[in-house]
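Remarks on the overall topology
Take a look at the letters that make up each chain.
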Amino acid sequence: MRKSDRLFALLQRLKDGRLHTAEALAEEFGVSVRTIYRDMDTLAASGVPVTGTRGRGYAAEASITLPPLNLTETELEVLHLGLAAVGAGAGELPELAEAAESLSAKIDAVLPEEASPDPASFGFAGAAYREAAQGFRHMPVFRAAIRARQKLRVTLKGRDGVQEIRPLEIDYWGRVWTCTAWNETRSAFDSFRIDRVTQLTPLPGLFVDEPGKRLSDYRDHRR
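Residues numbered from 1 in each chain as written. Predicted model: local features only at pLDDT ≥ 70, side-chain atom pairs only at ≥ 80, totals over all residues. Heavy atoms only, no water.

So, the overall build of the protein chain
For clarity, the cut-off: The way it works is that DSSP assigns letters per residue, a run of H or I at least four long becomes a helix, a run of E at least two long becomes a strand, and they are numbered from the N terminus. Exposure is judged per residue with a 1.4 Å probe applied to protein chains only, and the accessible area is read against the type maximum: over 50% gives exposed, under 20% gives buried, and values in between give partly exposed. Surface accessibility in these figures is a Shrake-Rupley result with a 1.4 Å probe; residues are shielded only by whichever protein chains are displayed.
Across its full length, the protein chain holds nine helices and seven strands. Residues counted as buried form 38% of the 223 residues belonging to the protein chain. As displayed, the protein chain offers around 12800 Å² of accessible surface, 53% of which is attributable to carbon and sulfur atoms.

Below, the structure is given as structure tokens:
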């Protein structure tokens, strides 16, 4: 059972109002007691009203729950765009910013584990909403350029000079989007956060796949 499915199943089990020991839950779901402890910490950190302690048992208080949803990457992008906008523009309504952050944490907690291949990368989930919102404004240009194989000229925060790139792929890392590209200026593969782009210009030149500069070459290089 995937972690996201197990977390949802655990929540459903805890909602019956009775105390469930970690040992009993571990046996039911076929995992270790330590895994159940970690799952309970994840549920609590995500805002799920879990009560109880290790050694005594756990239960969940009544709350609003939604049925499982299957989201496309574009739908997930739209959802986080809305959260980013609320978090950045809440102004004098800090409770809205706090609710947006809490909701985003709940989403991050139940995303499939394969969406975060390594814990250090998933740490980007703590990035500021305002920075994430800045990145979303560039997404249509990047998407169109990848489909058309169109070169881009970009300026990145923290880097000197203008870079000319061949955008190859967009990846999602817990509320931050990154672009993998062949950097023409550096003659090397490059990966950067889209919210770090300060200037972006599509170039008239298109590119064709060349050995050593393709996305498949980048993936082979990382293995």
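Having seen it, we continue.
Observations concerning the pattern of salt bridges
Which entries qualify depends on this criterion: What counts as a salt bridge is simple: a side-chain nitrogen of Lys or Arg found within 4 Å of a carboxyl oxygen of Asp or Glu.
A complete count under the given rule lists 12 salt bridges for this structure. Between Arg149 and Asp209 there is a salt bridge whose closest N-O contact spans 3.1 Å. With Arg149 in the loop between helix H8 (139–148) and strand E3 (150–156) and Asp209 in the loop between strand E7 (197–206) and helix H9 (215–222), this pair connects stretches of sequence that are 60 residues apart. Judged by its relative accessible area of 44%, Asp209 is partly exposed. As a salt-bridge pair, Arg153 and Glu164 come within 3.3 Å of each other at their nearest N and O atoms. Taken together, the positions of Arg153 in strand E3 and Glu164 in strand E4 (residues 163–172) put the pair 11 residues apart, joining distant regions of the chain. Judged by relative accessible area, Glu164 falls into the partly exposed class, the value being 30%. Members of the salt-bridge network, linked through shared partners, are Lys151, Arg166, Glu184, Glu210 and Lys213.

As for helix H1 (residues 3–14)
In plain terms, the rule: The span you would expect from a helix comes to 1.5 Å times its residue count less one. As used here, the arc belongs to the directions running from the helix axis to the C-beta atoms.
For H1, which comprises 12 residues, the first-to-last C-alpha distance of 16 Å matches the rise-based estimate of 16 Å (1.5 Å per residue) to within 8%. Considered for burial, the residues of H1 that qualify are Ser4, Arg6, Leu7, Leu10, Leu11 and Leu14. End-on view of H1: buried residues confined to an arc of 160 degrees, all on one side of the axis.

A word on the packing of aromatic side chains
This is how it is decided: Centres within 6.5 Å are what make two rings of Phe, Tyr or Trp a pair, Trp counting through its six-membered ring; a difference in plane orientation under 30 degrees is then read as stacked, over 60 as edge-to-face, and the rest as tilted.
Per the counting criterion, the structure on display carries three aromatic pairs. With a centroid separation of 6.2 Å and an interplanar angle of 55 degrees, the aromatic rings of Phe142 and Phe192 are classed as tilted. Here Phe142 is found in helix H8, whereas its partner Phe192 is found in strand E6 (residues 188–193), with 50 residues between them in sequence. We classify Phe142 as buried; its relative accessible area is 0%. When the centroid spacing of 5.1 Å and the interplanar angle of 85 degrees are considered together, the rings of Trp182 and Phe189 count as edge-to-face. Of the aromatic side chains, those joined through ring pairs into one cluster are Trp182, Phe189 and Tyr218.

Considering the confidence of the model for the protein chain
Under the convention used in this document: You can read pLDDT as the predictor saying how much it trusts each residue, on a scale of 0 to 100. When checking whether two residues touch, look at their non-hydrogen atoms; a contact exists if any pair is within 4.5 Å.
Scored by pLDDT, the protein chain has a mean of 78; 76% of the residues are at 70 or more. The element-level mean pLDDT for the protein chain is lowest in helix H6 (residues 119–122), coming to 31, with E3 highest at 95. Across residues 114–128, confidence stays below pLDDT 50; counting only partners more than four residues off in sequence or on other chains, it has 19 contacts.

Remarks on the environment of Gly212
If you trace the backbone, Gly212 turns up in the loop between E7 and H9. Expressed as a C-alpha distance, the spacing of Gly212 and Ala188, which sit 24 residues apart in the sequence, is 9.3 Å. Beyond its immediate sequence surroundings of up to four residues, Gly212 is in contact with Trp182, Phe189 and Asp217.

Points about a nonpolar patch on the surface
Where we set the bar: Only residues whose relative accessible area exceeds 30% and that take part in no salt bridge are eligible for patches, with like-charged residues grouped when within 9 Å of each other and nonpolar side chains (Val, Leu, Ile, Met, Phe, Trp, Tyr) grouped when within 5 Å.
Taken together, the side chains of Leu69, Leu71 and Leu79 make up a nonpolar region of the molecular surface, amounting to roughly 280 Å² of accessible area. Structurally, Leu71 is set in the loop between strand E2 (57–60) and helix H4 (73–89). Under the relative-accessibility criterion, Leu71 is labelled partly exposed at 45%.

Some thoughts on the pairing of strand E1 (residues 50–53)
Short version of the rule: Pairing between strands is defined by DSSP: at least two bridges between the two strands are required.
Pairing of E1 with E2, which is carried by four bridges, proceeds in the antiparallel orientation. By the bridge assignment for E2, Gly52 is matched with Tyr58. Count of turn residues in the E1/E2 antiparallel hairpin: three residues, of which Gly55 carries a positive phi of about 95 degrees.

Some words on the packing of H1 against helix H2 (residues 22–29)
How two helices sit against one another is set out by the angle between their axes and by the gap between those axes. Cut-off, in case you're wondering: Angles shown run from 0 to 180 degrees and are taken between the N-to-C directions of axes, each axis being a line fitted to C-alpha atoms and, for helices, limited to the stretch in contact. An angle below 35 degrees is treated as roughly parallel, one above 145 as roughly antiparallel, one from 65 to 115 as roughly perpendicular, and anything else as oblique. Handedness of a crossing is defined here by the sense of rotation of the near helix relative to the far one, left-handed for an anticlockwise turn of less than a right angle and right-handed for a clockwise turn. Each residue is assigned to one of three groups, with Ala, Val, Leu, Ile, Met, Phe, Trp, Tyr, Cys and Pro labelled nonpolar, Asp, Glu, Lys and Arg labelled charged, and all others, Gly among them, labelled polar.
Between H1 and H2, the shortest axis-to-axis distance is 12 Å and the interhelical angle comes to 130 degrees. Taken together, the axes of H1 and H2 lie oblique to each other. Of the two possible hands of crossing, H1 and H2 adopt the one that is right-handed. Note on element contacts: H2 touches H1 through Leu25, Glu28 and Phe29, opposite Arg6, Ala9, Leu10, Arg13 and Leu14. Residue composition of the contact of H1 with H2, grouped by class: five nonpolar, no polar and three charged.

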